[in-house]
Amino acid sequence: MKTTNYFFIASLLISSSMFSQTLSDAIKQTTNEQFVKADASFKGLLSTQPNNGEIYFYYGENYFKNDNEGTANTIYQKGADLNATNPLCYVGLGKVQWYKNKTVEAKANFYKASTLAAGKNATVLLKIAEVYINAGKKDFIEANKLLDAAQKLEPKNPEVYILRGDALLEQSNDGSKAISN
């Protein structure tokens, strides 16, 4: 009888670990456009960490990248409400506003995110720069300032160089500068 119980408990633990997700896994699902799987992963993560602003940001990104700005904005806002000190959700709110040409409101949220990051979080700077580079209304001067600041914080972060290459390509349509970066 005892071995049956041990076997049952062991199989339960193994099966639960197979289905557990990490934030990295959920982000990869979004990147691979597996939006439904990512949605389930983010919900699972939030069930165990309901006040984690970083999860809300990437959960919002899942909807933003699936062309659902309204739901993305709702998720970013919920993350900001539950964890007001996490700067990423303010980046998300600003991103939605920037794409809707509400630049004054967007810059206010970007400023709030930058202030909360206090020059210590390169990811925040990179995510804001990404908006300035990829949105319909581009701001390469501001993007380059943010990329310079992020590079000072994390000189070996490959995302800095990828975004700088994206900016160079968008600015000049000359791929050689982007590739060399």
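Residues numbered from 1 in each chain as written. Predicted model: local features only at pLDDT ≥ 70, side-chain atom pairs only at ≥ 80, totals over all residues. Heavy atoms only, no water.

A. Quick look at the packing of aromatic side chains. Tallied over the entire structure, the rule returns eight aromatic pairs. Considering the side-chain rings of phenylalanine 110 and tyrosine 132, the 5.5 Å spacing of their centres and the 80 degrees angle between planes classify their relative orientation as edge-to-face. Taken together, the positions of phenylalanine 110 in helix H7 (residues 103–117) and tyrosine 132 in helix H8 (residues 122–134) put the pair 22 residues apart, joining distant regions of the chain. For phenylalanine 110, a relative accessible area of 3% translates into the label buried. (Phe/Tyr/Trp six-rings, centres within 6.5 Å; stacked < 30°, edge-to-face > 60°. Helix = DSSP H or I, 4+ residues; strand = E, 2+ residues; numbered from the N terminus. Buried < 20%, exposed > 50% of the residue type's maximum accessible area, 1.4 Å probe, protein only.)

B. How the structure looks around helix H4 (residues 53–64). Look at H4: 16 Å from first C-alpha to last across twelve residues, which is about the 16 Å you get at 1.5 Å a residue. Looking only at H4, the buried set comprises Gly53, Ile55, Tyr56, Phe57, Tyr58, Tyr59, Gly60, Glu61, Asn62, Tyr63 and Phe64. Structurally, H4 contributes buried residues whose contacts are with helix H2 (23–31), helix H3 (35–48), helix H5 (69–82), helix H6 (88–99) and H8. The N-capping residue of H4, defined by a side-chain oxygen 2.9 Å from the backbone nitrogen of glutamate 54, is asparagine 52. (Expected span 1.5 Å × (residues − 1). Contact = heavy atoms within 4.5 Å. Polar contact = N/O pair within 3.5 Å; in protein donor to acceptor, adjacent residues only side chain to side chain.)

C. Broad picture of the packing of H3 against H4. Where H3 meets H4, the axes come as close as 10 Å, and the angle between the chain directions of the two elements is 160 degrees. One finds that H3 runs roughly antiparallel with respect to H4. Once H3 is placed against H4, the crossing between them reads as left-handed. The segment H3 lies against H4, with Phe35, Ala38, Asp39, Phe42, Lys43, Leu45 and Leu46 engaging Ile55, Tyr56, Tyr58, Tyr59, Asn62 and Tyr63. (Axes fitted to C-alpha atoms, helices over the stretch in contact; angles between N-to-C directions. Parallel < 35°, antiparallel > 145°, perpendicular 65-115°, else oblique. Left-handed = near helix turned anticlockwise from the far one by under 90°.)

D. A look at H2. Regarding H2, the residues found buried are Leu23, Ala26, Gln29 and Thr30. Down the axis of H2, the buried side of the element spans an arc of 120 degrees, and every buried residue falls inside it. Facing away from the buried surface of H2 by more than 90 degrees, the exposed residues are Lys28 and Thr31. The elements touched by buried residues of H2 are H3 and H4. One or two residues past the end of H2 sits glutamate 33, with phi positive at roughly 55 degrees. (Arc of directions from axis to C-beta.)

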